[in-house]
Amino acid sequence: MGFRHSSYNAPISGKAAFFVCFAPSFLRIKADPTLIPSDWDKLYFNHRGYTGDYAGMSQIGKVPIMVVTVNLNDIQDNRYPPFYPVWPRMGTYDFRTPLHWLEKAVHNAPESYFILNFNIGWPEDWADHHPEEIWTNEKGDYAYGTTVHLRGFAKELPPNHRWIPSPFSKKAIEEAQRGIRQFIEELKREGLDHRVIGCHIAGGHDGQFYTGRHADYSPAAQSAFREWLRERYGSSEELAKAWNRPAVTLGTVELPDWIEASPDGYFLSPQKDQAVIDHRQFMHEQGTRIMESLAQAAKEALGKRVVALAWTMGGNFGGTNGDELFTVFHKSRVLDGIVAQPSYELRVPGLFGGFVSAFESFHEHGKLLIKELDLRTWLRPGAPEATSQQQVSAMTLTMFEDIHRKEAGEMIAAEQGYWFFDIGTTHFRDPGMLREIHRGVTLYHELLRNPSARRHHEVALVYGKESRYWQADFPVASRSIQSRLDRYTDLSLRSAGVPFDCWYLDDFLARADLSQIKVVIFFNLLRLTDEQRAAIQQRVAANGRVLVWNYAPNYITSAPSVENISAITGMKTARSVVKTLPLVRSSESRHPFALPKDRLLGMGETSWIMTQLGLEGRRLQSGFERFSIEDPDAHILARYEDGTGAVAVKEMGSWTSLYFAMPGTLDSLILRKVAERLAVQLPGGYRHAASIGARFASFYTLIPQGPLRLPKESVDAITRQPIHTTTEYDAATPSWILLSPTQYENTR
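A few points on the structure.

Rules used throughout
Residues numbered from 1 in each chain as written. Predicted model: local features only at pLDDT ≥ 70, side-chain atom pairs only at ≥ 80, totals over all residues. Heavy atoms only, no water. Helix = DSSP H or I, 4+ residues; strand = E, 2+ residues; numbered from the N terminus. Buried < 20%, exposed > 50% of the residue type's maximum accessible area, 1.4 Å probe, protein only. Contact = heavy atoms within 4.5 Å. Phe/Tyr/Trp six-rings, centres within 6.5 Å; stacked < 30°, edge-to-face > 60°. Pairing = 2+ DSSP bridges. Polar contact = N/O pair within 3.5 Å; in protein donor to acceptor, adjacent residues only side chain to side chain. Core = buried A, V, L, I, M, F, W, Y, C linked by side-chain atoms within 4.5 Å. Axes fitted to C-alpha atoms, helices over the stretch in contact; angles between N-to-C directions. Parallel < 35°, antiparallel > 145°, perpendicular 65-115°, else oblique. Nonpolar A, V, L, I, M, F, W, Y, C, P; charged D, E, K, R; others polar. Expected span 1.5 Å × (residues − 1).

What follows concerns the overall build of the chain. In terms of regular secondary structure, the chain is built from 21 helices and 28 strands. Burial analysis of the chain (748 residues in total) assigns 64% to the buried set. For the chain, long-range pairs separated by at least 24 residues make up 74% of all intrachain contacts whose partners lie at least 6 apart in sequence.

As structure tokens, then:
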């Protein structure tokens, strides 16, 4: 396989491109099926049309779907003439550049279809026309930045920057919608619209419309907040009751203070802080709502069934970075798929990689989740990554294959998607890398030509949807104490070699049949409704299951109360406030779930060290709320340094409670012991990270742990050789397996 030199044009380096793979069956439902080729799960996503390797991807990768960027902004890039800003000033559009990019893509990939990537950035003179609708902080300073990033707030505009529109400005959204519609009308006049089958929305902070870091106090935000509260509460009486403020009304309510710490405790309280919680949710949801509005304009202008995709910030879709997905995206009738980034540092060979998301909930809501593989390679690692972030860069073909199979394998098993973010447009131009990418998309297409019913596992990891808003220090999410301590916890559970499904709580509880579930890990249920609590106690806490609790389950009802934790876990629990984060070590025990004495649990050591590096002194003004187990009937598995219980197990009659009271300590080896005790079907040993679907499995292990135990007649997906149930696999090589329909051979 090689380049066709007569027509192949090498891309110009310096800008980003994307190559995407996901389930064609999903988009056949969302878009007009008469437009979709049979093998359209292979996509090339190019962020700058002048750098697009359309011919290479079409001729070598056989990629039938391309993504072409429409820069709806005033960017002037003289390095790549001819380059005409699309939106140079208010009321003026010049579509020559994106039309040229699309025409070039059509020429280089004449058999392909296209998704339009609308990259939105309001022109510099926008603020001159709408000074009252600039993003404003609580001090009255204005947000400034670039077309890509919000840089700060000031009274006077710093040089080489522009004022940023309020994310709640209806005028700003309407003007961006107008630009999208006018471009599509031009597209129709050129006769190119019949090649378009979807749109992707980008823009705002970091290109992802991230609105949750800084509050907006502009008049537009004030008006939007009142509308949001009216939709949520319906009446002034309900608002006053929820906020515990008798005088507040929907017509007069003001934006609350934006807090990043509380003198009263680590968690906020509904009795006095519901206004703050609502304000946080309001700000975080708006980025997704903006993308929904812009995608709606594109769909309406195209006038046919097309798919709409968008970005989201962050890679953990449990309770630390994904609540607005549940409240907005999963309910959206416009947005069909969303793209997020896994942790860069964990994809390096030797670590467990991936991201843990509520995959099952995405399926339940008919949505697509795409993992962004923002990889660097030896072709263009870029400074300073080659020296300071080597984990991100694949420096050999073998290393690239390792990362690709580990990360793509997770998404293939989940029947979701992934794309390659080529930030320099040269990262994947090695023929070996292209062949490896082609293996993945060919395999995925093969699986999806013959779909099987989804396989559900005997272990479930369950996320609450409101957890993060109740952390006093949450707005600085990357430095929030609990977010930092549990940043890797759910990811590290993959190394237990225990397959598990991931759900949002409401979707999990809505399942009609829980009979096959043996272990449920409740990851972040800080707040439960009465209905959720009753469903857990009546339906889940039964049938010999082990229920695993992390940190502060059920803690927040009308107010934070340690008695609430005791009630849900079944263990008497105590609360104390500490000024330094406690360390947890396993204690001497003969219980079947026990670890060797004095072991640091979970990711505790890493998180503890990370937290000491400057975080603690700034974020612990009111102290850290530590919970300890003081139940004489509970078996202590790990203790704090003062000897109090930090991890314990207790038999509850028809079920078993296993409580990890300190975040960051939920341990993969304990999970392994629990699964073995309950005879969960385990396809490999401890440290065999497993992503398993109906007919495909991806395994990765850190150290040799014995053979994989698989269904008979399974096949190596790369070599296509039969696999015997005693096959030993190299610890350093991820394995892709085609599974037979039979069940696993059980291991104990």
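Let us now look at the packing of aromatic side chains. The full count for this structure, using the stated rule, is 23 aromatic pairs. Arranged with centres 5.8 Å apart and planes meeting at 40°, the rings of Phe267 and Tyr551 form a pair that is tilted. One end of the pair, Phe267, is in the loop between α7 (236-243) and α8 (270-302); the other, Tyr551, is in the loop between β18 (546-550) and α18 (562-569), with 284 residues separating them in the sequence. Using a relative accessible area of 0% as the deciding quantity, one classes Tyr551 as buried.

Spatial ordering of the open sheet is given by β6-β5-β7, a layout of 3 strands whose pairing is antiparallel. What marks the edges here is a single partner per strand, and that holds for β6 (150-154) and β7 (162-163). Of the pairings in the sheet, the one linking strand β5 (residues 142-145) to β6 comprises 4 bridges and is antiparallel in character. Among the inter-strand pairings, Ala143 is bridged to a residue of β6, identified as Phe153.

A separate point is the environment of Trp135. With respect to the secondary-structure elements, Trp135 resides in the loop between α4 (126-129) and β5. Trp135 sits 79 residues away from His214 along the chain, and the two C-alpha atoms are 9.5 Å apart. Of the polar contacts made by the side chain of Trp135, one reaches the backbone oxygen of Ala215; its length is 3.2 Å.

Turning next to the nonpolar core. Within the largest apolar cluster, 176 residues are counted, with the highest numbers of intra-cluster contacts made by Phe118, Phe508, Phe522, Ile536 and Leu658. Counting residues per element, this core draws most heavily on α8, which supplies 9 residues. With 25 residues, the next largest nonpolar core counts Ala221, Leu239, Leu255 and Met283 among its residues.

Before going further, it helps to examine the packing of helix α6 (residues 219-233) against α8. At their nearest, the axes of α6 and α8 sit 11 Å apart, and the two run at 105° to each other. Taken as axis vectors, α6 and α8 run roughly perpendicular relative to one another. Touching Ala221, Ala224, Phe225, Trp228, Leu229, Arg232 and Tyr233 of α6 are Gln274, Asp278, His279, Gln281, Phe282, Glu285 and Arg289, all from α8. Among the residues forming the contact of α6 with α8, the class breakdown is 7 nonpolar, 3 polar and 4 charged.

A few words now on the sheet that holds strand β25 (residues 688-692). Note: strands within a sheet are paired through backbone hydrogen bonds, in either parallel or antiparallel orientation. On the basis of which strands lie adjacent, the open sheet formed by 4 strands has the order β25-β26-β28-β27 and antiparallel pairing. One side of each edge strand has no neighbouring strand; the edge strands of this open sheet are β25 and β27 (715-716). Relative to strand β28 (residues 735-738), strand β26 (residues 696-701) is paired through 4 bridges, and the arrangement is antiparallel. Along β28, the bridge assignment pairs Ala697 with Ile737. Along the sheet, helix α13 (residues 431-449) contacts β26 and β28; its crossing angle with β28, the most-contacted strand, is approximately 25°.

We now examine the pairing of strand β23 (residues 645-651). Across the 7 residues that make up β23, a large majority, 6, are buried. Once strand β22 (residues 635-640) ends, the chain turns through 4 residues before running back antiparallel as β23, passing Gly643 with a positive phi of about 95°. Where β23 lies against strand β24 (residues 656-660), 5 bridges are found, and the strand directions are antiparallel. What sits directly across from Ala648, in β24, is Tyr659. In this structure, the hairpin formed by β23 and β24 is closed by a connection of 4 residues, where Gly653 is found at a positive phi of approximately 95°.

Let us now look at helix α5 (residues 170-189). In an α-helix, one turn spans 3.6 residues; hence positions three or four apart end up facing the same way. Taking 1.5 Å per residue as the helical rise, α5 with its 20 residues ought to reach 28 Å, and the 29 Å between its terminal C-alpha atoms agrees with that figure. Among the residues of α5, Ala172, Ile173, Glu175, Ala176, Gln177, Gly179, Ile180, Phe183, Ile184 and Leu187 are the ones counted as buried. Positive phi shows up at Gly191, right after α5, with a value of about 75°.

Attention shifts here to unusual backbone geometry. Despite not being glycine, Tyr551 shows a phi value in the positive range, around 65°. The phi torsion at Ala679 lies on the positive side, around 60°, for a residue other than glycine. Structurally, Ala679 is set in the loop between α21 (668-677) and β25. Note on Ala679: relative accessible area 24%, which makes it partly exposed.

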